[in-house]
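# Tertiary structure, described
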Amino acid sequence: MKDGGVTFTFAEPGFYDDRYRIDEKLGKGGMATVYRAFDQKRNKILALKIISLFVLAQNQSEKRFEHEFKIIKSCSHPSVIKAYDLGKTKEGLSFYTMEYLPWDDLGKLLGFAKKLPAKTVHVLVEQIARAFIVFHSRGLLHRDLKPSNLLVSADNRLVITDFGLAKSPTVTNLTDTGQVFGSPSYMSPEQFEGRQLDLRSDIFQLGAVCYEMLTGRKAFDAQDLPDIYNQVLTYFPPPSASIVSGLSPRWDHFIERCMAKKASDRFANGREVLDALQKIDIN
């Protein structure tokens, strides 16, 4: 494994090793825990993501974790998080390091602001579309685009994170057709049904995120998973212009195209998304 010789003993914040100093826990998800750390070799602060012991016991989890690193590493774009090194702890736990960005995620920003100005939404969606052009052209799918996986700076720079469910054309056996995975309120109909996915599933998720930024409401929201499933397959949310006055009607045309129930009715790729976005009047 590349950089596999890098090891450190997992410890509480404040621990020093030959290379990494663990400073602070940033967050914990279903697969891993992320820490703010200092890399003494690179002489910089970074984020260190380490696989959990529970996940390690699951089939192919370690391969998926390493696959996530390789996808990020291969996708050099200003709106995709940068990855640095892959290694194992002395206890045998896989970890990788990536750039540390002291920004809030979009979910937290929406929690405070409820909705964002149309000009801000335009800037953020454009960055996602440009990232789509790059990684979709390589056959990469994110498959879990949602507000908590989007970091936003004070000057509205956006970076896509968490490629734990991402798929590349070189690895096809980590998730199989028939498996249902993702975040329910942002999943496409074909994702809910466990069908084969392509880049248009990511575009559906972009539409759901865009709607939430403009309106402060999730496009699909219910207490129970079956109800969300039914909404995604049969329901379309109220037009954003009916919720927020003064919005260009082109926003609703844009969102409806992104979130069309049939993948064939959506934008075909990031370039089409970008072209449609540039026709929206935000003055």
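I will try to describe carefully the structure that is included in this document. In this text the structure is predicted, and so the values were computed from the model without any measurement. (Residues numbered from 1 in each chain as written. Predicted model: local features only at pLDDT ≥ 70, side-chain atom pairs only at ≥ 80, totals over all residues. Heavy atoms only, no water.)

## Considerations on the overall build of the chain
Keep this limit in mind: Put simply, DSSP marks the helices as runs of H or I at least four residues long and the strands as runs of E at least two long, and each gets a number from the N terminus on. For every residue, the accessible area (1.4 Å probe, protein chains only) is compared with the maximum for its type, and the residue is labelled buried under 20%, exposed over 50%, or partly exposed between those bounds. In what follows, a contact means two residues having at least one pair of non-hydrogen atoms within 4.5 Å. Here the open area of atoms and residues is found with the Shrake-Rupley method and a 1.4 Å probe, where only the protein chains shown may cover a residue.
The number of helices and strands found in the chain is 9 helices and 8 strands. When burial is assessed residue by residue, the chain has 52% of its 283 residues classed as buried. The contacts in the chain between residues at least 6 apart in sequence include a share of 60% that link residues at least 24 apart. With an accessible surface of roughly 13200 Å², the chain has 50% of that area assigned to carbon and sulfur atoms.

## Re the packing of aromatic side chains
Cut-off, in case you're wondering: Each aromatic pair joins two rings of Phe, Tyr and Trp (for Trp, the six-membered one) with centres within 6.5 Å, and gets the label stacked for planes under 30 degrees apart, edge-to-face for over 60, and tilted for any other angle.
Inspection of every chain in the model, using the stated rule, returns 9 aromatic pairs. Where Phe192 meets Tyr229, the ring centres are 5.3 Å apart and the plane angle is 70 degrees; that geometry is what we call edge-to-face. You can see Phe192 sitting in helix α5 (residues 189-192) and its partner Tyr229 sitting in helix α7 (residues 225-234), a full 37 residues away along the chain. Classification of Phe192 as buried rests on a relative accessible area of 8%. Classification of Tyr229 as partly exposed rests on a relative accessible area of 32%.

## Regarding helix α8 (residues 249-258)
In an α-helix, one turn spans 3.6 residues; hence positions three or four apart end up facing the same way. Counted only if it meets this: Relevant arc is that of directions from the helix axis to the C-beta atoms, nothing else.
If you check which residues of α8 are buried, you get Trp251, Asp252, Phe254, Ile255 and Cys258. Buried residues along α8 cover an arc of 160 degrees about the axis, so they all sit on one side. More than 90 degrees from the buried face of α8, the exposed residues found are Pro249 and His253.

## What to know about unusual backbone geometry
A negative phi angle is the norm for most residues apart from glycine, just as the trans form is the norm for most peptide bonds. With phi around 60 degrees, Asn43 is a residue other than glycine that occupies positive phi space. Under the relative-accessibility criterion, Asn43 is labelled exposed at 59%. Of note, the phi angle at Arg143 is positive, near 70 degrees, even though the residue is not glycine. Inspection of the secondary structure assignment puts Arg143 in the loop between α4 (118-137) and β7 (150-152).

## Some points on the environment of Asp39
Stated precisely, the cut-off is as follows: Within 3.5 Å is the distance limit for a polar contact, defined as a pair of N or O atoms, with the added protein rule that one can donate a hydrogen and the other accept it, and that residues adjacent in sequence qualify only through two side-chain atoms.
If you trace the backbone, Asp39 turns up in strand β2 (residues 32-39). On the basis of relative accessible area, Asp39 is assigned to the buried category, the value being 0%. C-alpha separation for the pair Asp39 and Ile22, spaced 17 residues apart in sequence, amounts to 9.1 Å. Setting aside residues no more than four positions away along its own chain, Asp39 makes contact with Arg19, Tyr20, Lys44, Leu46 and Asp85. Polar contacts involving the side chain of Asp39 include one to the main-chain amide nitrogen of Arg42, which spans 3.2 Å.

## A closer look at the sheet that holds strand β6 (residues 104-105)
Through backbone hydrogen bonds, the strands of a sheet pair up, either in parallel or in antiparallel fashion. Here is the rule we go by: Here, any two strands with at least 2 DSSP bridges between them count as paired.
One open sheet holds the 3 strands; their spatial order is β6-β7-β8, and the pairing between them is antiparallel. Whereas interior strands pair on both sides, the edge strands pair on one side only; in this sheet they are β6 and β8 (158-160). Judged from the 2 bridges that link them, β6 and β7 form a sheet pairing that is antiparallel. Opposite Asp105, over in β7, you have Leu151 as the bridge partner.

## A closer look at the pattern of salt bridges
Where charged atoms of side chains with opposite charge meet at close range, the side chains can pair. Worth spelling out the cut-off: Salt bridges are identified by distance alone: a Lys or Arg side-chain nitrogen within 4 Å of an Asp or Glu carboxyl oxygen.
Inspection of every chain in the model, using the stated rule, returns 16 salt bridges. In this structure, Glu24 engages Arg36 in a salt bridge whose closest nitrogen and oxygen atoms are separated by 3.0 Å. Of the two residues, Glu24 is situated in strand β1 (residues 20-28) and Arg36 in strand β2; the sequence distance between them amounts to 12 residues. Two residues, Arg266 and Glu190, come together in a salt bridge whose shortest N-O distance is 2.7 Å. Within this pair, whereas Arg266 is found in the loop between α8 and α9 (270-277), its partner Glu190 is found in helix α5, the two being separated by 76 residues in sequence.

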